[in-house]
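Now for the letters of each chain:
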Amino acid sequence: MTILGFTALVGAGSAVAGFLGALTGLGGGVVIVPLLVVALGVDIRYAIGASLVSVIATSSGAAAAYVEEGYSNVRVALLLEIATALGALSGAVLASYLRTDVIAVVFGLVLIYSAVQSLRPHAADTIGRDPDSIATRLRLDSSYPTEEGEQPYHVQRVPLGFALMYGAGILSGLLGIGSGAVKVLAMDRAMRLPFKVSTTTSNFMIGVTAAASAGVYLRRGYIDPGLAMPVMLGVLAGSMAGARLLHRARPRRLRQVFAIVVVGLGLEMLYSGIAGTL
């Protein structure tokens, strides 16, 4: 394959990844890493480095639109970003000590677990719930637009969400995925945010989380500009298209897309790690 053909293929795949990442809050990294590693034979650490750059682009492309439309909860994002940034630095350091097949197996298990959790019966309706005392003091409660008008909600279990976000940050630095899958589940399941708020707030956060760990990968030489550039441009274009479509999408459909994409890629990475084909 020529360099031009390789670049075009990477760019097209990245655009699809960015589109799915913007719709589901995944950040695109869960598609980019398997695409580069399994389909194109790129070393997993260079794939992770390019993915982290793409995650920053995804966040930049989609976050502004979501904030303007009133979906993202900025106060929640800024609070939780403290935990994810610290976790991302920890994960990036840990990645240098693990074998690539171990990283791939961890990647696959995390994605499959995320998919299963996303399809479990959801009892996270915060409408009518009593306000959480910590969320009230930090003024985290908000509302988001629906077809019937603004819908208020209460943020729940803030300490649990903060702890889960540290784990999400570790996975971001270790796997280069922006940890959007874990962030969405933490806000959706633990903190009881509406699913659209969880996905959009995740998109707002993942850029800062990825930037924290991308610096470590850059210092160690794992970010190749020739690979990162088409990935970044493709993901940015796809994320902008996904952001425009989100307000018309139904939460149930988003959950199904989330689960299908994540479980397929998780099985693929799990097999590659166990078979030692990376």
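The shown structure was predicted, so the numbers you read here are calculated from the model rather than taken from an experiment.

A few points about the overall build of the protein
Check the secondary structure of the protein and you find eleven helices and two strands. Looking at the 278 residues of the protein, the share that counts as buried comes to 54%. Pairs at least 24 residues apart make up 82% of the contacts formed inside the protein by residues separated by at least 6 positions. Surface accessibility of the protein: about 11,700 Å² in total, with carbon and sulfur atoms responsible for 65%.

Some details on helix H9 (residues 195-219)
Helix length check: H9, at 25 residues, gives a terminal C-alpha distance of 36 Å against a target of 36 Å (1.5 Å per residue), a fit within 8%. At Met205, H9 shows its largest kink, close to 35°. Where burial is concerned, most of H9 is hidden: 18 out of the 25 residues are buried.

Points about the nonpolar core
In terms of nonpolar packing, the biggest core is built from 39 residues, with Val33, Leu36, Ile44, Ile48, Tyr217 and Val231 touching the most fellow members. Only helix H1 (3-24), helix H2 (29-39), helix H3 (44-69), helix H4 (74-95), helix H5 (100-119), H9, helix H10 (225-246) and helix H11 (251-275) provide two or more residues apiece to this core. No other element matches H3, which puts seven residues into this core. Ala135, Tyr153, Met191 and Met205 belong to the second-largest nonpolar core, a separate cluster that totals 23 residues.

A look at the pairing of strand S2 (residues 149-153)
By the bridge criterion, five bridges tie strand S1 (residues 142-146) to S2 in an arrangement that is antiparallel. Bridging from a neighbouring strand, Ser142 pairs with Tyr153 of S2. If you look at the hairpin formed by S1 and S2, you'll find two residues sitting between the two strands.

Details of the environment of Leu98
Inspection of the secondary structure assignment puts Leu98 in the loop between H4 and H5. Sequence separation between Leu98 and Leu174 is 76 residues, and the spatial gap between their C-alpha atoms is 9.2 Å. With residues up to four places along the chain from it excluded, the contact list for Leu98 reads Arg45, Ile103 and Leu174.

Comments concerning the side chain of Ser14
Tracing the sequence through the fold places Ser14 in helix H1. With sequence-adjacent residues up to four places away left out, Ser14 is seen in contact with Ile32, Leu35, Pro230, Val231, Gly234 and Val235.

Remarks on unusual backbone geometry
Positive phi is not limited to glycine here, since Arg139 has a value of about 55°. Relative to the helices and strands, Arg139 resides in the loop between helix H6 (133-137) and S1. Although it is not a glycine, Arg157 sits at a positive phi angle of roughly 45°. Turning to its location among the elements, Arg157 is positioned in the loop between S2 and helix H7 (158-175).

Observations regarding the packing of aromatic side chains
Here the structure, examined in full by the defined rule, presents two aromatic pairs. Ring plane angle 90° and centroid distance 5.6 Å describe the contact between Tyr46 and Tyr222, whose orientation is recorded as edge-to-face. Of this pair, Tyr46 sits in helix H3 while Tyr222 sits in the loop between H9 and H10, and the two are 176 residues apart along the sequence. Classification of Tyr222 by relative accessible area gives partly exposed; the value is 23%.

Comments concerning the environment of Val262
Assignment of secondary structure puts Val262 in helix H11. C-alpha of Val262 to C-alpha of Val31: the two residues are 231 residues apart in sequence and 8.3 Å apart in space.

What to know about H4
When the terminal C-alpha atoms of H4 are compared, their 30 Å separation across 22 residues agrees well with the 32 Å that a helix rising 1.5 Å per residue should span. Along H4, the largest kink reaches about 35° and is centred on Glu81. Every buried residue of H4 is accounted for by Val76, Ala77, Leu80, Glu81, Ala83, Thr84, Gly87, Ala88, Gly91, Ala92 and Ala95. Taking the backbone nitrogen of Arg75 as reference, a side-chain oxygen 3.3 Å away marks Asn73 as the first, capping residue of H4.

A look at the environment of Asn73
Inspection of the secondary structure assignment puts Asn73 in the loop between H3 and H4. Residues Asn73 and Thr200, spaced 127 residues apart in sequence, show a C-alpha to C-alpha distance of 8.1 Å. Discounting residues that sit within four places of it in the chain, Asn73 has contacts with Leu140, Ser142, Tyr153, Val155, Val197 and Thr201. Reaching out from Asn73, the side chain makes a polar contact with the side chain of Tyr153 at a distance of 3.0 Å.

Definitions and limits used
Residues numbered from 1 in each chain as written. Predicted model: local features only at pLDDT ≥ 70, side-chain atom pairs only at ≥ 80, totals over all residues. Heavy atoms only, no water. Helix = DSSP H or I, 4+ residues; strand = E, 2+ residues; numbered from the N terminus. Buried < 20%, exposed > 50% of the residue type's maximum accessible area, 1.4 Å probe, protein only. Contact = heavy atoms within 4.5 Å. Areas by Shrake-Rupley, 256 points an atom, 1.4 Å probe, with all protein chains shown as cover. Expected span 1.5 Å × (residues − 1). Bend = angle between axes of the 7 residues up to and from the residue. Core = buried A, V, L, I, M, F, W, Y, C linked by side-chain atoms within 4.5 Å. Pairing = 2+ DSSP bridges. Phe/Tyr/Trp six-rings, centres within 6.5 Å; stacked < 30°, edge-to-face > 60°. Polar contact = N/O pair within 3.5 Å; in protein donor to acceptor, adjacent residues only side chain to side chain.

Fair warning: the whole summary comes from geometry, so function is off the table for now.
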